[in-house]
Every structure is written in structure tokens, then in C-alpha cells.
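These are the residues of each chain, in order.
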Amino acid sequence: MQITEKNFGNGYQLITIKNEAGFQLSVTDLGARIVSLGREKNLVLGFDSAQEYLEKDVFIGASIGRTAGRIENGRFTLDGESYHVTTDSTTGHSLHGGQPGFETKKWHYTIENGDDEASVIFTTVSPDNEHGFPGNLSVEVRHTLTKENTWRITTKGLSDRTTLFNPTNHVYFNLTGDVTQSVAQHKLWLDSPAFAPLRQDSIPTGRKVKTSGTAFDFQKTKTLADVFTSDFEQKNLVNGIDHPFFLTENNLVAPAAKLTSPDDTIELVVSTDLPCIVIFTANFGEAALEMHGKPLADHGGITFETQIAPGAEQFSDFGSIKLAANEPFETITNYQIHLKEVKNHGNQS
Ligand code: G6D
């Protein structure tokens, strides 16, 4: 595998791994984040410099933590003790573990290269009481590219006090490679029989609701446009999807999600050992951000944030995000890209 490193500005580096097929993964130590993925086209949202992330959107492609998603009023109890963590001044809730969080840390990194795969291994320590969370928490995020075009994220954690830990990665895919196109014509299949409805302020209600019979049922493949044009109140609430979906299989073998490009030439297959995926369809509105000198479309990307469902600290039905002192944590998610040959059917008109 070929590996190159270059200056990404503001003291950060951009590290690129290229496999024999010419497929590339670029990551940066600003937030242990993915910046680009693909061969001819870049299949994920990302900016061209560290500065742009810092100015425009710190979450795109970043490692997220300590706790992905929202914690209501930033309050939780752990082993009988009450905690109050940093909240967002506009919503009053904690988002993604409080800012600045993992997404703007400068992570230390090392590189491992092999014949079949190569990895960039990012490490950082979140000190005890950072944003109010207990425990010195050591975190490792390993980004791997394989010769089969799989981007794999392996995240590890170890805390010296019992704490909460629910990391994820905030990658957005757009398989057209064109940020001015919305993902509406992408086809999505999702192994999810239930989702978590949200309140008006995006905090989960705590219920698990069947997807069948709703616009959020992707158990049979359909386009995202089917959701965007629906009148489903949960879609209307956030102008798209910004919801946790519960998976039936989380064994890293069975696919959890499949996303296909509008022209059927590119397929993304997500598999994970985690029980939930937060799907967020970049509901930013028209031209809210400029990317590669172009306006990012509304719904210009779709995330697959694998995690325990946000709200787990208060709804035990969602799982547990408690990490016991000195107990190692590890999770893996695979994003495999299949590049398909287009069959020329000739002119059928
Ligand atoms: C997450 O679910 C949240 C969104 O609501 C938020 O806007 C984004 O991160 C930055 O996907």
C-alpha cells in the first residue's frame, strides 16, 4: 500500500493510503477524521484544508466523543452520582460530548503498512472531568484501508474511572461525488425494524417505534426521495432524517446498511458490531456551506453513525453506554465500497 503525508494547514497533517486498485483513503489528525475516500470520485463530504473544517463545520468526517448525540440538559447519573456535562448554549442539551470535543483535538498518530491493508492509528487522552465527564479516558481510533476497498474504523477506549463512552464517526457519504447533488436519488436498504422518534428539540422520546408502515422503513430498498417527499411528521420535524435506527444484526458479517448511487455503479455496504446507526441526511438547507468551491446541496450527504442509540443514559431499553473503570472498550465498523462495471445496454430509445 502507498502512504503519503502532507501539510493540511494550521499545523495538521493529511495522510493518504492508496491500495493497488488506486482506491484512496485520506485522514487528518484534526479530529482523527476522514477527509476523502474513493478512486475517480470522492465519495464522502470533506474540505480541502484544516482551516475550512475549523471555520465551516467541525463535525464532518470527524471522530465524535465522548458521547455521540444529545444528552438531555447535559445531566445523567452514574453509580448513584449525578453529573452535569457541558451543554450547548442554544439548546441547553449536550451534543457530541461537549465542544471542543474529539472533533477538534489534534490527535497523535502512527502508521502501519502491510500488503493487504494499511492503517493510521490516532490516539488521544480526554482528561478526567473534561466537559464534566469522570475518568482519564485514553482513546484510539484506527482508520484502515484494505485492498478490497474497505474502510474500517476500530475504536478503543480505557478509563481509570467508571464513565460514559459512546463514540462514533461523523462521515457523510455522497456517492455521486458531486456535493451540489442531493442524495435524494440514492437507494437505501437498512436492516432496521425500529427507530427512535424525537421530540421537537431532537431528544429521543425513549420509545422504539416500528419502521414498517412509516416513511422510515428501508427494509425494502427505496430512494431517499421517498422520505424527503413524504409527509411523515418525524421527517417534517427535522426536514429529513436525523434519527437513531435499531439494527437486527450487529455481528460485522451481516450488512447493516446498503447505499447505492443513482446510476447503480457504486454500492456502500456498512457492517458493524454496534446495535444502532444514527442516520442524518445533512438537513442544512440550500447552500448552507461551500465545499470544494461549490455550494453543498440540501441533503448533500448521508451519515451512518454507528453507536449505541443516543439517550441510552436515561433509557435502558436503548442499551448501555457505561464504561466501567479499567475495562477495555472496542468497537469495529466496516464501510465497504463496491465499484461496479456499468453494462452498456446501448441506445434503448
Ligand atoms: C448529528 O444527530 C446530530 C445532528 O442533529 C447534528 O446536527 C449533527 O450531528 C452535527 O448527526
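From a predicted model like this one, the values you see are computed outputs, not experimental measurements.

## Structural notes on the overall build of the protein chain
Broken down by element type, the protein chain carries three helices and 30 strands. In summary, the protein chain has a C-alpha radius of gyration of 19 Å against a globular reference of 20 Å for 349 residues, a match within 12%. When its C-alpha atoms are laid out on the principal axes, the protein chain stretches across 70 × 50 × 35 Å. Per-residue burial over the protein chain gives 58% buried out of 349 residues. Summarising the internal contacts of the protein chain: among those between residues at least 6 apart in sequence, 66% fall at separations of at least 24. For the protein chain, the accessible area works out to roughly 14,400 Å², and carbon and sulfur atoms hold 45% of it. Positive and negative side-chain charges in the protein chain, numbering 29 and 44 respectively, have mean positions lying 2 Å apart.

## Some words on empty space enclosed by the protein
Where empty space is left becomes clear once a probe the size of a water molecule has been rolled over the atoms. With the rule as written, the count across this model stands at three cavities of 30 Å³ or more. Around the largest cavity, the lining comprises 15 residues; the ones closest to its centre are I153, T155, P167, T168 and N169. Among the secondary structure elements, those contributing two or more residues to the lining of the largest cavity are β5 (63-64), β13 (150-159), β15 (168-169) and β30 (329-339). No other element matches the four residues that β30 contributes to the lining of the largest cavity. Across the lining of the largest cavity, the residue classes break down as eight nonpolar, seven polar and no charged.

## Points about the UniProt feature "binding site: beta-D-galactose" (unreviewed entry) in the protein chain
With numbering matched to this structure, UniProt assigns "binding site: beta-D-galactose" (unreviewed entry) to H170, V171, Y172 and D242. A maximum C-alpha distance of 13.7 Å places the annotated residues, which cover 73 residues in sequence, within one compact spot. For the largest pocket, the lining residues among the annotations just cited are H170, Y172 and D242. Its location among the elements puts H170 in the loop between β15 and β16 (172-173). What makes H170 buried here is its relative accessible area of 4%. Apart from the residues lying within four places of it in its own chain, the contact partners of H170 are F59, I60, G61, A62, I64, H96, F280, T303 and E305.

## Digging into the side chain of E313
Its place among the elements puts E313 in the loop between β28 (305-307) and β29 (322-323). Despite its burial, E313 pairs with no opposite charge, the nearest such side chain being R199 at 9.9 Å.

## Notes on the layout of surface pockets
The calculated volume of the largest pocket comes to roughly 340 Å³. Residue lining of the largest pocket: 21 residues in total, with R70, L95, H96, H170 and D242 positioned closest to the centre. When residues of the lining of the largest pocket are traced back to their parent elements, those giving at least two are β21 (242-246), β24 (276-280) and β28. Residues of the lining of the largest pocket, tallied by class, amount to eleven nonpolar, five polar and five charged.

## A look at the sheet that holds strand β2 (residues 12-18)
Judged by pairing direction, the sheet is antiparallel, and its four strands sit side by side in the order β1-β2-β3-β4 without closing on themselves. The open sheet has two edge strands with one neighbour each: β1 (2-9) and β4 (33-38). Shown here is a sheet whose adjacent strand axes are inclined to one another by a mean of 20 degrees, direction ignored. Across five bridges, the pairing between β2 and strand β3 (residues 24-28) is antiparallel. Bridge pairing in β3 places L14 opposite T28.

Rules used in this analysis
Throughout this description, residue numbers start from 1 for each chain and increase along the sequence as written. Only residues with pLDDT of at least 70 get local features here, since the model is predicted, and only at 80 or more are side-chain atom pairs given and counted; chain-wide, interface and lining totals rely on the full set of residues. The side-chain values count all of the structure's non-hydrogen atoms but skip hydrogen atoms and water molecules. Helix numbering and strand numbering both begin at the N terminus, where a helix is a DSSP run of H or I of at least 4 residues and a strand a DSSP run of E of at least 2. Each radius of gyration reported is based on C-alpha atoms, and the globular scaling rule is 2.2 Å times the count of residues to the power 0.38. Relative accessibility thresholds used throughout: buried, under 20% of the residue-type maximum; exposed, over 50%; partly exposed, between the two (1.4 Å probe, protein chains only). By definition, residues are in contact when any of their heavy atoms lie within 4.5 Å. To be clear on the numbers: accessible area is Shrake-Rupley with a 1.4 Å probe, and residue cover counts the displayed protein chains and nothing else. Under the convention used here, Asp and Glu are negative, Lys and Arg are positive, and both His and the chain ends fall outside the count. Where a charge sits is defined by one atom per residue type, namely NZ (Lys), CZ (Arg), CG (Asp) or CD (Glu). Both site types are read off a 1 Å grid over the protein atoms alone. A 1.4 Å probe that fits but cannot get out defines a cavity, while an open set with protein on both sides within 12 Å along at least five of seven lines defines a pocket; lining residues have an atom within 4 Å of a point. Grid points are joined across faces, edges and corners, and a volume is the space filled by probe spheres set on the points. Basically, the charged four are Asp, Glu, Lys and Arg, the nonpolar ten are Ala, Val, Leu, Ile, Met, Phe, Trp, Tyr, Cys and Pro, and anything else, Gly included, counts as polar. UniProt positions are given in the numbering used here, feature names are shortened, and annotations may be inferred rather than shown by experiment. Any carboxyl oxygen of Asp or Glu that lies within 4 Å of a side-chain nitrogen of Lys or Arg is treated as forming a salt bridge with it. Strand pairing is assigned whenever DSSP detects at least two bridges linking the two strands. Axis angles are defined between N-to-C directions and span 0 to 180 degrees, where every axis is a line fitted to C-alpha atoms and, for a helix, only to the segment in contact.

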